[in-house]
Amino acid sequence: MHKLLCLLIFIASCAGAPSHASQSVWIEELTWVEVRDAIRAGKTTLIFPTGGTEQNGPHMVLGKHNYIVKHNAGEIAKRLGNALVAPVLGYVPEGRIDPPEGHMRFPGTISIPEEVFMKLTEHAARSFRANGFRDIVLIGDSGPNQKGLQSVARQLSKEWAASGTRVHYIGDYYHTKLFEEWLKKQGLSAADIGTHAGVEDTSELMAIHPQHIRMDKLAPGGNFAATGVSGNPPRASAAYGKQGLEFRISAAVEQIRRVIPGRNP
């Protein structure tokens, strides 16, 4: 009787447990069989998120873009309902290496030439097409990513015009100004908000990975050449960040639904 009871409990627990495939939208967390079955079930959109490894002031880790875009891409896929997400690309153009320029003047930054970034993106997209994905969505969390992603999307969509596969550059994700406008309504000035490692970036990372913010290093940027900060990060907050992330996720979902009509609910 005891063995029978244990067997029944085991069967019930297995029946109620969700499969690994249903738990993740990340292809790196799935087996090839689970990816195949997800595509067959209608998950034919693949999101390819690109971030970057760059200095973000004394208060914020170099992987800021990677953490933010991973969170956002996962949320976008969940809202679409028919998408999976590729691993985040953390190697992107960050400026000349020798002599160093831009973020490369700060230790830890990693830069690759734009043509290398584009080739990597192109061949990743070719892999996704070979896998069976019909819509490949390119999202960049950093400014230098945008031009290359747009060019690759245009090139491959033209090449594959006779097939059912398309590549889509989702620029609204990066270019939306809704967060900046909203922050100004909260009383922040343009100088407070800044353009790099300021209120926007700091707040967004604070909302999802506060452990990656060095709270004791938060200070106004002032001299960008010396600190790598433009803006007033002490005015950042997790509440601000939550709203900022929502603006970007929503902007991307809306654009994807516009450019892929009929395939995204």
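Here's a quick rundown of the structure.

About the criteria used
- Residues numbered from 1 in each chain as written.
- Predicted model: local features only at pLDDT ≥ 70, side-chain atom pairs only at ≥ 80, totals over all residues.
- Heavy atoms only, no water.
- Helix = DSSP H or I, 4+ residues; strand = E, 2+ residues; numbered from the N terminus.
- Buried < 20%, exposed > 50% of the residue type's maximum accessible area, 1.4 Å probe, protein only.
- Contact = heavy atoms within 4.5 Å.
- Lys, Arg positive; Asp, Glu negative; His and termini not counted.
- Charge placed at Lys NZ, Arg CZ, Asp CG, Glu CD.
- Phe/Tyr/Trp six-rings, centres within 6.5 Å; stacked < 30°, edge-to-face > 60°.
- Expected span 1.5 Å × (residues − 1).
- Core = buried A, V, L, I, M, F, W, Y, C linked by side-chain atoms within 4.5 Å.
- Pairing = 2+ DSSP bridges.
- Right-handed = clockwise from strand over helix to strand, strands pointing away.

## Focus on the overall build of the protein chain
(1) Moving on: Regarding its fold elements, the protein chain presents twelve helices and four strands.
(2) Moving on: Structurally, the protein chain occupies a C-alpha span of about 70 × 55 × 35 Å along its principal axes.
(3) Moving on: Sorting the 265 residues of the protein chain into buried and exposed places 48% on the buried side.
(4) Moving on: Of all intrachain contacts in the protein chain linking residues separated by at least 6 positions in sequence, the fraction that spans at least 24 positions is 75%.
(5) Moving on: Of note, the protein chain has its 29 positive side-chain charges centred 5 Å away from the centre of its 25 negative side-chain charges.

## Points about the environment of His212
(1) Moving on: Topologically, His212 is positioned in the loop between helix H10 (199-208) and helix H11 (224-227).
(2) Moving on: Given the relative accessible area of 15%, His212 is considered buried.
(3) Moving on: Put simply, His212 and Gly63 are 149 residues apart on the chain and 9.0 Å apart in space, counted from C-alpha to C-alpha.

## Some remarks on the packing of aromatic side chains
Centre-to-centre distance and the angle between the planes together describe a pair of aromatic rings.
(1) Moving on: For the structure shown, the criterion picks out four aromatic pairs.
(2) Moving on: Considering the side-chain rings of Phe179 and Phe247, the 6.5 Å spacing of their centres and the 40° angle between planes classify their relative orientation as tilted. Taken together, the residues Phe179 in helix H8 (residues 178-185) and Phe247 in helix H12 (residues 238-259) connect sequence positions 68 residues apart. The same class applies to Phe179 as to Phe247, namely buried.

## Topic: helix H4 (residues 64-80)
(1) Moving on: Compared with the 24 Å implied by 1.5 Å per residue over 17 residues, the 24 Å span of H4 between its first and last C-alpha is a close match.
(2) Moving on: Those residues of H4 lying buried are Lys64, His65, Asn66, Ile68, Val69, Asn72, Ala73, Gly74, Ile76, Ala77 and Leu80.
(3) Moving on: Contacts made by the buried residues of H4 are with strand S1 (45-50), strand S2 (83-85), strand S3 (135-140), helix H7 (172-175), H10 and H12.
(4) Moving on: A positive backbone phi angle near 85° is found at Gly81, which sits one or two residues after H4.

## What to know about the nonpolar core
(1) Moving on: Core analysis: the largest hydrophobic core is formed by 31 residues, its most contacted members being Ile47, Ile76, Ile139 and Tyr173.
(2) Moving on: Those elements giving two or more residues to this core turn out to be H4, S2, S3, H10 and H12.
(3) Moving on: Broken down by element, the residue count for this core peaks at six residues, all from H4.
(4) Moving on: Setting aside residues no more than four positions away along its own chain, Ile139 makes contact with Ile47, Phe48, Pro49, Thr50, Val69, Ile76, Leu149, Ile170 and Tyr173.
(5) Moving on: Val35, Leu46, Phe48 and Val152 belong to the second-largest nonpolar core, a separate cluster that totals 26 residues.

## Focus: the pairing of strand S4 (residues 166-169)
(1) Moving on: Relative to S4, S3 runs parallel, the two being bridged by four bridges. Bridged to Ile136 within S4 is Val167.
(2) Moving on: Handedness of the crossover joining S3 and S4 through helix H6 (residues 145-159): right-handed.

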